[in-house]
Amino acid sequence: MLLDGLVFALLGSALAIGLAGIGSAVGVGIAGQVGAGVMTEDPGKFGQVLLLQALPGTQGIYGLLAGFWVLIKLGLFGGTPVPVTVAQGMQIMFACLPIAIVGLLSGIAQGKTAAASIGLIARRPEETGKAIILPAMVETYAVLSLLATILLLNSIKL
Amino acid sequence: MPISSMQRVSIVAHRRKEAEILALLQDLGVLEIAVEEGFAFEGEKPPVATEEVERTLSEIRYCLDFLERYRRDKPSFLESFFPKPLEVTKEEFLQCCFNHSPVYRACASLEEQLNGIRTTLNRLMAHLEFLSRFEHLPIPLENLGETRYTRSILLEIPLEKKAHLESKLRERGLLWFCETFPSRGRNVVVFLVAHRDFLPHLEEVLQEIGATPVVLPQAFEGTPKEASERIRVRMEELAREREKLLEKAALYARFERDLKLAHDYYASLLERRRKEQEILHTRETVVISGWVRAEDMEKLEQSLKALGNEWVLFARDPQPGESVPIDLRNGSWTKNFEVLTRLYGLPNYWELDPTPFLAPFFFLFFGICLGDVIYGLILALLGFLAPGFLKVPDGTRRFFHMLGWGGVASILVGMGTGSWLGDTFDHLPKALSAVTSFKRSLTVIDPITNPLPMLIFSLLLGLVQVLVGLFVSFVKEWRRRNYASAIMDQLGWFAFLLAIVVYIGSTQFALLKPFALPFLVGTALFLVATQGRQKKNPVMKVLSGILSLYGVISYLGDVLSYSRLFALGLSSSIIAILARTLGVLFGSSPYIGWLIGLLVALLFNVFNLVMSSLGAFVHSARLQYVEFFTKFYENGGKEFQPFSYRTKYVKVQ
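Residues numbered from 1 in each chain as written. Chains lettered and ligands numbered in written order. Predicted model: local features only at pLDDT ≥ 70, side-chain atom pairs only at ≥ 80, totals over all residues. Heavy atoms only, no water.

### Description of the overall build of chain B
Okay, step 1: Counting its regular elements, chain B contains 22 helices and 11 strands.
Okay, step 2: The globule rule puts the C-alpha radius of gyration for 653 residues at 26 Å, and the 40 Å found for chain B is more than 25% above it.
Okay, step 3: The principal-axis extents of the C-alpha atoms in chain B amount to approximately 125 × 85 × 70 Å.
Okay, step 4: Taking all 653 residues of chain B together, 47% fall into the buried category.
Okay, step 5: Taking all contacts inside chain B whose residues are at least 6 apart in sequence as the whole, residues at least 24 apart take part in 80%.
Okay, step 6: If the 73 positive side-chain charges of chain B are averaged to one point and the 71 negative ones to another, these points end up 4 Å apart. (Helix = DSSP H or I, 4+ residues; strand = E, 2+ residues; numbered from the N terminus. Rg over C-alpha atoms; globule rule 2.2 N^0.38 Å. Buried < 20%, exposed > 50% of the residue type's maximum accessible area, 1.4 Å probe, protein only. Contact = heavy atoms within 4.5 Å. Lys, Arg positive; Asp, Glu negative; His and termini not counted. Charge placed at Lys NZ, Arg CZ, Asp CG, Glu CD.)

### Examining the overall build of chain A
Okay, step 1: If you tally the helices and strands in chain A, you get 5 helices and 0 strands.
Okay, step 2: Element order for chain A, N to C, with α for helix and β for strand: α-α-α-α-α.
Okay, step 3: Here chain A holds 158 residues, and 47% of them are scored as buried.
Okay, step 4: For chain A, long-range pairs separated by at least 24 residues make up 86% of all intrachain contacts whose partners lie at least 6 apart in sequence.
Okay, step 5: Total accessible area on chain A stands at roughly 6800 Å², and carbon and sulfur atoms take up 73% of it.
Okay, step 6: Between the mean site of the 7 positive side-chain charges and the mean site of the 6 negative ones, chain A shows a separation of 7 Å. (Areas by Shrake-Rupley, 256 points an atom, 1.4 Å probe, with all protein chains shown as cover.)

### Describing the interface of chain B and chain A
Okay, step 1: On the side of chain A, 28 residues touch chain B, which itself brings 30 residues to the contact.
Okay, step 2: The interface formed by chain B and chain A includes 0 salt bridges.
Okay, step 3: Across the chain B-chain A interface, the total number found is 3 residue pairs in polar contact (both at pLDDT 80 or more).
Okay, step 4: Listing elements by their share of the side of chain B that touches chain A, those giving two or more residues are helix 11 (338-344), helix 16 (451-479), helix 21 (563-587) and helix 22 (593-632) of chain B.
Okay, step 5: Sort the elements by how many residues they give to the side of chain B that touches chain A and helix 21 of chain B lands first, with 14 residues.
Okay, step 6: Across the side of chain B that touches chain A, the residue classes tally to 24 nonpolar, 4 polar and 2 charged. (Salt bridge = Lys/Arg side-chain N within 4 Å of Asp/Glu carboxyl O. Polar contact = N/O pair within 3.5 Å; in protein donor to acceptor, adjacent residues only side chain to side chain. Nonpolar A, V, L, I, M, F, W, Y, C, P; charged D, E, K, R; others polar.)

### Quick notes on the environment of V12 of chain B
Okay, step 1: With respect to the helices and strands, V12 of chain B occurs in strand 1 (residues 6-14).
Okay, step 2: When the C-alpha atoms of V12 of chain B and I288 of chain B are compared, they prove to be 6.5 Å apart, with 276 residues separating the residues in sequence.

### A few points about a nonpolar patch on the surface
Residue and element names in this part refer to chain B.
Okay, step 1: A cluster of nonpolar side chains, namely L585, F586, Y591, I592, W594, L595, I596, L598, L599, L602, V606 and V610, defines an oily patch on the protein surface of about 1300 Å² accessible area.
Okay, step 2: Looking at the nonpolar patch, the elements with two or more residues in it are helix 21 and helix 22.
Okay, step 3: By residue number, the principal contributor to the nonpolar patch is helix 22, which donates 8 residues.
Okay, step 4: Relative to the helices and strands, F586 is located in helix 21.
Okay, step 5: On the accessibility criterion, F586 (39% relative accessible area) is partly exposed. (Patch = residues over 30% accessible without salt bridge, like charges linked within 9 Å, V, L, I, M, F, W, Y side chains within 5 Å.)

### Examining the confidence of the model for chain B
Residue and element names in this part refer to chain B.
Okay, step 1: The predicted model of chain B has a mean per-residue pLDDT of 87, with 98% of residues at 70 or higher.
Okay, step 2: The spread of mean pLDDT over the elements of chain B runs between helix 3 (residues 77-81), the lowest at 73, and helix 12 (residues 355-370), the highest at 95.
Okay, step 3: In the predicted assembly, ipTM is 0.74 and pTM is 0.78. (pLDDT = per-residue confidence, 0-100.)

### As for the pattern of salt bridges
Think of it this way: side chains of opposite charge can pair up when their charged atoms draw near.
Residues and elements named next belong to chain B.
Okay, step 1: Throughout the structure, instances matching the rule amount to 49 salt bridges over all chains.
Okay, step 2: With a closest N to O distance of 3.3 Å, E204 and R172 form a salt bridge. Taken together, the positions of E204 in helix 7 (residues 199-209) and R172 in helix 6 (residues 159-172) put the pair 32 residues apart, joining distant regions of the chain.
Okay, step 3: Residue classification places E204 among the partly exposed positions, given a relative accessible area of 39%.
Okay, step 4: Residue R293 is joined to D327 by a salt bridge in which the shortest nitrogen-to-oxygen separation is 3.0 Å. Within this pair, whereas R293 is found in strand 9 (residues 285-293), its partner D327 is found in the loop between strand 10 (311-316) and helix 11, the two being separated by 34 residues in sequence.
Okay, step 5: Owing to a relative accessible area of 15%, D327 belongs among the buried residues under this scheme.
Okay, step 6: Salt bridges here are not isolated pairs; linked through shared partners, they connect E351, K476, E477, R480 and E634.

### Topic: the sheet that holds strand 7 (residues 187-195) of chain B
Residue and element names in this part refer to chain B.
Okay, step 1: Read across the sheet, 4 strands follow the order 4-5-7-6 without closing on themselves; strand pairing throughout is antiparallel. Where the open sheet ends on each side, the last strands, each with one partner, are strand 4 (145-146) and strand 6 (176-182).
Okay, step 2: As defined by bridge partners, strand 6 adjoins strand 7 across 7 bridges and the pair is classed as antiparallel. Within strand 7, the position partnered with E179 by the bridge is F191.
Okay, step 3: The sheet contacts of helix 6 involve strand 5 (150-158), strand 6 and strand 7, and relative to strand 5 the element is tilted by about 145°. (Pairing = 2+ DSSP bridges. Axes fitted to C-alpha atoms, helices over the stretch in contact; angles between N-to-C directions.)

### Overview of the packing of aromatic side chains
Residue and element names in this part refer to chain B.
Okay, step 1: This model, assessed by the stated rule, comprises 40 aromatic pairs over all chains.
Okay, step 2: Here the aromatic rings of W420 and F438 are separated by 6.4 Å at their centres, their planes lie at 75°, and the arrangement is edge-to-face. Taken together, the residues span a long stretch of sequence, with W420 in the loop between helix 14 (394-417) and helix 15 (433-442) and F438 in helix 15 at a distance of 18 residues.
Okay, step 3: Ring geometry for F629 versus F632: centroids 6.3 Å apart, planes at 75°, classification edge-to-face. In this pair, F629 and F632 are both assigned in helix 22, 3 residues apart and thus about one turn of the helix distant.
Okay, step 4: F629 gets classed as buried once you look at its relative accessible area, which sits at 0%.
Okay, step 5: Classification of F632 as buried rests on a relative accessible area of 5%.
Okay, step 6: Three or more aromatic residues joined by ring pairs make a cluster, and in this case those are Y344, F357, F361, F365, Y562, Y625, F628, F629, F632 and Y633.
Okay, step 7: When the ring centre of Y252 is taken as reference, the NZ or CZ atom of R254 above it lies at 5.9 Å. (Phe/Tyr/Trp six-rings, centres within 6.5 Å; stacked < 30°, edge-to-face > 60°. Lys NZ or Arg CZ within 6 Å of the ring centre and 35° of its normal.)

### Observations regarding unusual backbone geometry
All names here are of chain B.
Okay, step 1: In the Ramachandran plot, R481 falls in the positive-phi region, its phi being about 70° despite a non-glycine side chain.
Okay, step 2: By secondary structure assignment, the location of R481 is in the loop between helix 16 and helix 17 (483-506).
Okay, step 3: Phi at Y591 is positive, roughly 55°, even though this residue is not glycine.
Okay, step 4: Within the element layout of this structure, Y591 appears in the loop between helix 21 and helix 22.

### Points about the side chain of S561 of chain B
Residue and element names in this part refer to chain B.
Okay, step 1: Positionally, S561 belongs in helix 20 (residues 552-561).
Okay, step 2: On the accessibility criterion, S561 (8% relative accessible area) is buried.
Okay, step 3: What S561 contacts, discounting residues up to four positions off in sequence, is R622, L623 and E627.

### A short note on the packing of helix 18 (residues 513-531) of chain B against helix 19 (residues 538-548) of chain B
All names here are of chain B.
Okay, step 1: Here helix 18 crosses helix 19 at 130°, and the two axes come no closer than 7 Å. It follows that helix 18 is oblique to helix 19 by the angle criterion. Helix 18 and helix 19 meet at a crossing whose hand is right-handed. Listed contacts from helix 19 to L527, V528 and Q531 of helix 18 are K541, V542, G545, I546 and S548.
Okay, step 2: Considering only residue class, the contact of helix 18 with helix 19 consists of 4 nonpolar, 3 polar and 1 charged. (Parallel < 35°, antiparallel > 145°, perpendicular 65-115°, else oblique. Left-handed = near helix turned anticlockwise from the far one by under 90°.)

### A closer look at the UniProt feature "domain: V-ATPase proteolipid subunit C-like" (unreviewed entry) in chain A
Residues and elements named next belong to chain A.
Okay, step 1: UniProt's feature table lists "domain: V-ATPase proteolipid subunit C-like" (unreviewed entry) at residues 11-69 and 94-152, given in the numbering used throughout.
Okay, step 2: Helix makes up 88% of residues 11-69 and strand makes up 0%, while its end C-alpha atoms are separated by 13 Å.
Okay, step 3: Counting secondary structure, residues 94-152 comes out at 93% helix and 0% strand; the distance between its end C-alpha atoms is 9 Å. (UniProt positions renumbered as here; feature names shortened; annotations may be inferred.)

See below:
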């Protein structure tokens, strides 16, 4: 029996959602630990800390988005499932890798930057704006990898 | 000129008038008091009495803090973030004569009593805990200790050691007696009475088996049970007493208004005292100098005239190199985006204010990143209506308005890309098909089925912004009379980048074909010819000219960075589609499935709105800072802070 290409396509979708999700979870976790420490001193900073903690959360969203795009493309959400060859399935899987890998690693890196930024606002609350921009610099690469994944997926003809 | 022009003024007046003039200046709020640079105080600085005001202020703060902790009517969550200001007339504010001392003393004494009760309660709790170990002991605790011939002690030992203890004691004599009662866990309580002559033996035995007599934390009366009961009664009394004190403390909330008013009054007074240190005196005169907006000069002079004529006003333009405070002055629409310039850092006085340049770009970028009609509508409503409800200060209101305008842009972009809560409006019931077709008629291009045009549009926007940045830089250099640099660097690159675009465009539009190549080669040669002008050796001139073309890579990187606009815009609509899809999935299950489906869709959409708005703000701001500002902007100014009332709670009308 021939291996169905759907297996690879779903693996790609799962990798995008799973790995990028792990990246965000670790990143948000790192930022949250530092945030909790800052709030023991000054609970009034909750709003700013939460904002910074949320920043590394976007990789998970991008991963979900890419994975969802694959599912739509495969017609698994309403509509008729599209038959996928092994080659097409593998193409889809590889197209998912940019956001999967970069999402994982940039989420963690962004979490560390967000943690440092939380440390910054602990001492200089008036610099919240700048503190938000620094983690956003890391996120650039997650956005670019999402872009790559979307363009790759879009170029695969089923 | 979006930066207000400033005047350096010095008011020289008779010393008699000093207090009057200062009060007037504080009321006007147009002058930032600052000693002229290069002036130094000779001898000692005039001693200024701020300690008294500082103490008063800290006592008032203590009272307000006390109120906050013990008040019964806690402010709502929203109010704690955006407290409503207290509106008072100027007369009421200036004639504030609230004597806070009785309130302060009462609060401090209440706090002391409450603390005392808390300490006592903690101690009693510890005693209860201690006594609970001996609750089966029927012997009054005052019997412990010594009589003329005996000594009685309590031991708490493990059950298995008890037989051991008794046999050891028996080996040494019989002048003792003990009785055992249950305690907690595997322990027992041993009440032991021994004759004085036997005490040395007792100690030996205790040492051998490793037991020490129980020490009471204080003298108790009656059996442990009775003592515990008495402590419980005492604790209830204390709790009632504390409740009474708390009620009393809550009553002090009625002084809230007076205290807040007094707080701002004294904070303003302290501000005035501090500024007095920046004022120069001679024996007969006083010199107050600082910065005024040119447009306020008239007002300042007119107001001073009302005080008589024992003063002179000198004014001059700022000189290059002086650090002049910055007051941004933008149109009512552009002003909403000033917060972005402030976040990065204000320009210095001799620079341009970048706000008018970034405002249209930020507006558009935010719209593309959020890119959904319904999300935009929610954000616009929130941004424009919330400040009215919450009565927030000016800065916060402008921030909300900026978000509101971002929402407006998002509505426009969403209409063009056909994103109304993602594709939700394509799946409306039949009865609403008119809405669906209206939506479709507005759609220009759907980036989900055809992503490339939107990506190219984003990159083109980036190119436009980079070119605008270069052009602003050109104008700036030109005005500084650096004509060579303006033409060769800024204009040269501007033309070269434009030529590249024209060249790429010529593959699509035949009209451009004849110009494209000559334009590109010409501008490239211009850069090669000019970029090496610093080098002396003619070979090096040409080489570094050619090498400079490599700089196109950094511009390319800048432009590619704008692809995020497309990616973020797509991301918010796809998550919205995901929300609808999941909603339908859950909604198709029986019974209350529709409710669960609705909740799931709502939850996802709210989450998406929050995260996408955050992303839209952060990334649109980043594009201004990293890609746009680097072309022309230099910050380093400090905000103009005129001497005025320092209010935290009060809004003077």
